[in-house]
Amino acid sequence: MSKTVDVKVLLLIGDQAEVIADAPDPADPVRYPAAEIAEAAGVPVRVLPGLPLTATVSPDDTLTAWRRR
């Protein structure tokens, strides 16, 4: 069963977005392709830093299905 968590893009590093999840046991920031997140959220890449989002945690603990909050 998948779980949805609140996430925030901290910053962009090249073509990667550094993301942190608001979870009971948050990990260090993780990097995901910025273009993938922006496309799913329907925003330009440049507005991702600070943008509040939700994402689905897959069984292998990766984040997918990015959506704006």
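Values in this document were obtained by computation on a predicted structure and should not be read as measured data.

Draft legend 1. Representation of the packing of aromatic side chains within the structure. Evaluation of the coordinates by the stated rule reveals one aromatic pair. Taking the centre distance of 5.2 Å and the plane angle of 70° together, the rings of Tyr32 and Trp66 count as edge-to-face. Of this pair, Tyr32 sits in strand E3 (residues 30–33) while Trp66 sits in strand E5 (residues 63–68), placing them 34 residues apart in sequence. Just as Tyr32 is buried, Trp66 falls in that class too.

Draft legend 2. Region of the structure containing the sheet that holds strand E4 (residues 52–57). Judged by pairing direction, the sheet is antiparallel, and its five strands sit side by side in the order E3-E2-E1-E4-E5 without closing on themselves. Of all strands in the sheet, those with a lone pairing partner are E3 and E5, marking the two edges. Across the sheet, the axes of successive neighbouring strands diverge by a mean angle of 45°, strand direction being ignored. Of the pairings in the sheet, the one linking E4 to E5 comprises four bridges and is antiparallel in character. Paired with Leu53 across the bridge in E5 is Arg68. In this fold helix H1 (residues 34–41) packs onto strand E1 (3–13), strand E2 (16–22), E3, E4 and E5, with an angle of close to 70° to the strand it touches most, E3.

Calculation notes
- Residues numbered from 1 in each chain as written.
- Predicted model: local features only at pLDDT ≥ 70, side-chain atom pairs only at ≥ 80, totals over all residues.
- Heavy atoms only, no water.
- Phe/Tyr/Trp six-rings, centres within 6.5 Å; stacked < 30°, edge-to-face > 60°.
- Helix = DSSP H or I, 4+ residues; strand = E, 2+ residues; numbered from the N terminus.
- Buried < 20%, exposed > 50% of the residue type's maximum accessible area, 1.4 Å probe, protein only.
- Pairing = 2+ DSSP bridges.
- Axes fitted to C-alpha atoms, helices over the stretch in contact; angles between N-to-C directions.
- Contact = heavy atoms within 4.5 Å.

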